[in-house]
Amino acid sequence: MSTGTYSPRPGAAPVGRMIAAQAALETRMLLRNGEQLLLTVVIPSLLLVLFSTVDVVDTGAEKAVDFLAPGVLALAVMSTAFTGQAIATGFERRYGVLKRLGASPLPRWALMTAKTLSVLVTEVLQIALLTVIAFALGWSPEGGPLPVALLLILGTAAFSGLGLLMAGTLRAEATLAAANLVFLLLLVGGGVIVPLEKFPDAARAVLELLPISALSGGLRDVLRGGAGMPWGDALILAVWAVLGLGAAARFFRWE
């Protein structure tokens, strides 16, 4: 056996491999967190079943599930990309986890990329589960998959940027309170459960500009009405994504 056959090869792994490993770790940590799992999986599923089977919200002559399913899909994206990510990242920042990871061979931009990939993996699982539940409740979706996928990606980018901005600028306890408060407010006023037509015209004009309203409304236009790409809603989400991610990159504090 020649000398040096098993000699170490010091140095960082390729960036792609580091991102994949960190994304897998982030996903495992997210799925093992009972509180976040409740927020991201259980609550949307319960809302879909409850409001689809109990006549609480007036959705007109159509089946309740046809109105609710697109909104709950949007809620699932918000709960993972915004609320869950903001809370988890805020406490990682408080405990010094981000500071230590920022000093590792993993570049900071790669760490944020890994977190985003973890969010996307979780969303795929959420959407698959909610779709199965909706079909069991009699959901009859229309429209093509490409507009839906684009809206979900834009929505993820928008909510992810806002969640990282909150986690990187507020204290962890403030992030916990603010993220949950925003979640509840947008659940009520974002067209997820209650149609925006129920609000006064002045309030509705403002609510329609929110990312959750654009995502739920766009998904509803495609999946309920069979429309093509709702470019107005996509533009709103793109603007929120640019503003949120840009602000997060500018103001995020690692310590």
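In short, a report on the structure.

Cut-offs applied
Residues numbered from 1 in each chain as written. Predicted model: local features only at pLDDT ≥ 70, side-chain atom pairs only at ≥ 80, totals over all residues. Heavy atoms only, no water. Helix = DSSP H or I, 4+ residues; strand = E, 2+ residues; numbered from the N terminus. Expected span 1.5 Å × (residues − 1). Buried < 20%, exposed > 50% of the residue type's maximum accessible area, 1.4 Å probe, protein only. Contact = heavy atoms within 4.5 Å. Salt bridge = Lys/Arg side-chain N within 4 Å of Asp/Glu carboxyl O. 1 Å grid on protein atoms, 1.4 Å probe; cavity = no way out; pocket = protein on both sides within 12 Å on 5 of 7 lines; lining within 4 Å. Points joined across faces, edges and corners; volume = space filled by probe spheres on them. Nonpolar A, V, L, I, M, F, W, Y, C, P; charged D, E, K, R; others polar.

Description of helix 10 (residues 231-251)
End to end, helix 10 covers 30 Å across 21 residues, agreeing with the expected 30 Å (1.5 Å per residue, within 8%). For helix 10, every residue scored as buried is listed here: D233, A234, I236, L237, A241, G244, A247 and A248. In the core, the buried residues of helix 10 are packed alongside helix 6 (145-169) and helix 9 (211-225).

A look at the pattern of salt bridges
Side chains carrying opposite charge are able to pair once their charged atoms draw close together. Applying the stated rule across the entire model yields 6 salt bridges. A salt bridge links E26 to K115; its shortest N-O distance comes to 3.3 Å. Highlighted residues: E26 in helix 1 (residues 15-32) and K115 in helix 5 (residues 108-136), separated in sequence by 89 residues. Side by side, E26 and K115 carry an identical accessibility label, which is buried.

Re the layout of surface pockets
In this model, the largest pocket occupies a volume close to 450 Å³. For the largest pocket, the lining is made up of 23 residues, of which L30, N33, Q36, G84 and A88 are closest to its centre. For the lining of the largest pocket, the secondary-structure elements that each account for two or more residues are helix 1, helix 2 (34-53), helix 3 (64-94), helix 5 and helix 7 (172-189). Here the element with the most residues in the lining of the largest pocket is helix 3; it accounts for 8 residues. Among the residues making up the lining of the largest pocket, the classes are represented as 11 nonpolar, 8 polar and 4 charged. Lining the second largest pocket are 19 residues; nearest its centre among them are L196, E197, S213, G217 and R220.

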